[in-house]
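# Structure assessment
Here is what each chain is made of, one letter per residue.
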Amino acid sequence: MHRRARTVAWSSGLTAALVLAMLAAATVGPVRIGLLEVARATLNAFAVPAGFEGNGLRWVHPFAFEVERTHQVIVGDLRLPRIALGAVVGFALATAGTVMQGFFRNPMADPSIIGVSTGAAVGAVATIVFPLAVPFSLQWAAFAGALLAGFGVYLIASEGGRTPVATLLLAGVAVQTFLGAVVSFLLLYAGDSLQRAVYWLMGHLHTSSWPKVWTVLAVAVPAYVLVAVHARDLNALLLGEADAHTLGVEVERTKRVLLAASSLVTAAAVAAAGVIGFVGLVVPHVMRLLVGPDHRVLLPTSALAGAGFLVVTDTAARAGPAELPVGIVTAALGAPFFLYLLRDREVHEL
Amino acid sequence: MIRIDGVAAELGGHEVLRDVSLSVPPGEFLGLVGPNGAGKTTLLRTVNGLVDPTRGRVAVAGEPVAGRSARDLARRVATVPQETTLGFDFSARDVVAMGRTPHQSRFAGVDEADHDAVERALERTDTADLADRPVGELSGGERQRVLLARALAQETPVLLLDEPTASLDINHQVATLSLVRELAGEGRTAVAAIHDLDLAARFCDRLALVADGELVAGGTPREVLTADRLERAYGVRTVVSEHPVTGTPTVTALGPGEGPLGGPPDAESEPLPSATDDD
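The following refers to the structure shown. (Residues numbered from 1 in each chain as written. Chains lettered and ligands numbered in written order. Predicted model: local features only at pLDDT ≥ 70, side-chain atom pairs only at ≥ 80, totals over all residues.)

## Some points on the overall build of chain A
Scanning chain A for helices and strands turns up 14 helices and two strands. Its C-alpha atoms give chain A a radius of gyration of 21 Å, within 12% of the compact-globule value 20 Å for 350 residues. Counting only C-alpha atoms, chain A reaches 60 × 60 × 50 Å along its principal axes. The 350 residues of chain A split such that 50% are buried. (Helix = DSSP H or I, 4+ residues; strand = E, 2+ residues; numbered from the N terminus. Rg over C-alpha atoms; globule rule 2.2 N^0.38 Å. Buried ≥ 20, exposed ≤ 12 C-beta atoms within 10 Å, placed from the backbone.)

So, in structure tokens, the structure goes:
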């Protein structure tokens, strides 16, 4: 089929570009390491489970190339986790953004539109400012805050088993504003931890670790699959809910599934990397220009492009003499581009 | 095929249908006529499951509509809506292909049957030449034909149409209604809300005149379209005569009458029917 061939071609191209970008990104840093050395170190770091040992899995490294010891540590333990986290978070945010723009039939929608990111911010800043009062790790507090906010908005906007999209949008804006005030209030009492809190809010990938990558991946992959099998329903929803119903889409149930999946995936991403703006807004737009509005093509390509975009912007963020939070770089690149879209493209459906 | 039994419905707490009973056998093309706000759209929506009746029951192919899954219903009833929102730009062919949604598995791709149904629908509605254009760029009339094609691609025994001719040029008005006629001839059941009484009289087997949420009359166009009934429904004095060419009833509105609704003559007296309708 024509569409399937296009999906496969775009997805493989973007996957190849992503892998290349990740390898290239691993060459960048205070210590310059060649691309070939990076590739070898990456393969060395690669491990597969090969049976059980004691009370855990036995891991086997299938590759053992000659790599300088320090280079192996720098690539495998320092750079790769960060690059992988960037890719996973970008993948998650772009997926959620694509779903939200389709769901709300609104090109301004982004992953945080129903208050998930601001909820995460409350959880994270509260943990940073009052470390003793909040008995969770920062990542879990942010994750819980995000889900509470998202679920709260959903409950506020729902009545009698229906969740009108317009109400959801407005409830999201109101809750975001309120939680934003809470964050500002918390910052007033931040004292010495102010810098850390602000740094978190700006979105960052410098506290990466492999466990973080796995936790985000553990949420992002199932959520992506759930959304992807609803791609056709999402297409039908673009025609309006009444039309979608007459085409056999169980509208309210589908909306719940999409909302839950994209909130979860956003919560996981934000909890790990803070509020990184514009990835979820701009990447789906660019991909829609390139591949069209059909979610069966748009979802995989946006997700992969989001991953690549965040890897590249984070590399730019840490390549300079002083490291910047990646959120600043994505916004600095994303905002002008969005203005260009506003001026040049038909973003008139608002 | 369609059985509507003592149905009442509310929209926003306001009763828009009262005790409507109607049945449409397979192979029949029924026209719903009546003034704006009479409840024609709502009546159609009780059949496709978009509106749940507060009283009474609706059955399609012998099975009640209430409690059926959207997918199950969409395999039996296709709807051509009056307007549709098109946020992002799908091609006309993509929109028509969406008519296959109820027949497709969530995990499988598009098969030969889907492909053929889409091409046939484009062919029959004369939209094949529009297929690759973005729907956002089509005119209102072209879009309406694409929506009809989508409903055809759905391949259902029942077809509902809400003002299918409202924004069409006369040639496409006639083509569209002839096509619906033809589909009824093939054994499908078609129900259309139609503004234009002359067109309704010419193409429909039977008419149902709805006014103020109630069924005023049902029967052949000749039985339903009488000056007396039209005055009661529309509040306008009319002359019903026989069209010299088609031989079907034709309605000419004269002036305000003394029906229960009173008021000025309705859209039917104007040369162009307005595209807006009830709810």
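## Structural notes on helix 4 (residues 112-124) of chain B
The periodicity of an α-helix, 3.6 residues per turn, causes residues three or four places apart in sequence to face the same way. Residues and elements named next belong to chain B. End to end, helix 4 covers 18 Å across 13 residues, agreeing with the expected 18 Å (1.5 Å per residue, within 8%). Along helix 4, the residues classified as buried are Asp114, Val118, Ala121 and Leu122. Seen end-on, helix 4 carries its buried residues on one side only, within an arc spanning 100°. Exposed residues pointing more than 90 degrees away from the buried face of helix 4 are listed as Glu112, Ala113, Asp116 and Glu123. Just past helix 4, the residue Asp126 takes up positive phi, approximately 60°. (Expected span 1.5 Å × (residues − 1). Arc of directions from axis to C-beta.)

## Things to note about the packing of helix 4 (residues 116-129) of chain A against helix 7 (residues 194-201) of chain A
Residue and element names in this part refer to chain A. Where helix 4 meets helix 7, the axes come as close as 9 Å, and the angle between the chain directions of the two elements is 160°. Accordingly, the angle class assigned to the pair helix 4 and helix 7 is roughly antiparallel. Crossing of helix 4 against helix 7: the hand is right-handed. The residues of helix 7 that touch helix 4, namely those facing Ala121, Ala124, Val125, Ile128 and Val129, are Arg196, Ala197, Trp200 and Leu201. Each residue belonging to the contact of helix 4 with helix 7 can be placed in one class, and the counts come to eight nonpolar, no polar and one charged. (Axes fitted to C-alpha atoms, helices over the stretch in contact; angles between N-to-C directions. Parallel < 35°, antiparallel > 145°, perpendicular 65-115°, else oblique. Left-handed = near helix turned anticlockwise from the far one by under 90°. Contact = placed C-beta atoms within 7 Å. Nonpolar A, V, L, I, M, F, W, Y, C, P; charged D, E, K, R; others polar.)

## Notes on the sheet that holds strand 4 (residues 55-60) of chain B
Residue and element names in this part refer to chain B. Across the sheet, four strands lie side by side as 2-1-4-5; this open sheet has antiparallel pairing. Sheet topology places strand 2 (14-24) and strand 5 (63-64) at the edges, where each strand pairs with a single neighbour. Note: strand 4 against strand 5, two bridges, orientation antiparallel. Along strand 5, the bridge assignment pairs Ala59 with Pro64. Strand contacts of helix 1 (residues 40-47): strand 1 (2-11), strand 2 and strand 4, with the helix running at about 120° to strand 1, the strand carrying the most contacts. (Pairing = 2+ DSSP bridges.)

## Examining the sheet that holds strand 9 (residues 206-211) of chain B
Residue and element names in this part refer to chain B. Taken in spatial order, the six strands make up an open sheet running 6-7-8-3-9-10, and their pairing is mixed. Every other strand in the sheet has two partners, leaving strand 6 (77-80) and strand 10 (214-219) as the edge strands with one partner each. Pairwise comparison of adjacent strand axes, ignoring direction, gives a mean angle of 15° for this sheet. As judged from the five bridges shared by strand 7 (residues 158-162) and strand 8 (residues 189-193), these two strands associate in the parallel manner. Bridge pairing in strand 8 links Asp162 to Ala193. The sheet strands contacting helix 5 (residues 140-153) are strand 6 and strand 7, and the helix crosses strand 6 at an angle near 175°.

## Things to note about the environment of A:Ala17
Residue and element names in this part refer to chain A. By secondary structure assignment, the location of Ala17 is in helix 1 (residues 2-27). Under the C-beta neighbour-count criterion, Ala17 is labelled partly exposed, with 16 such atoms within 10 Å. Residues Ala17 and Ala305, spaced 288 residues apart in sequence, show a C-alpha to C-alpha distance of 8.9 Å.

All we've got here are geometric facts, nothing functional implied.
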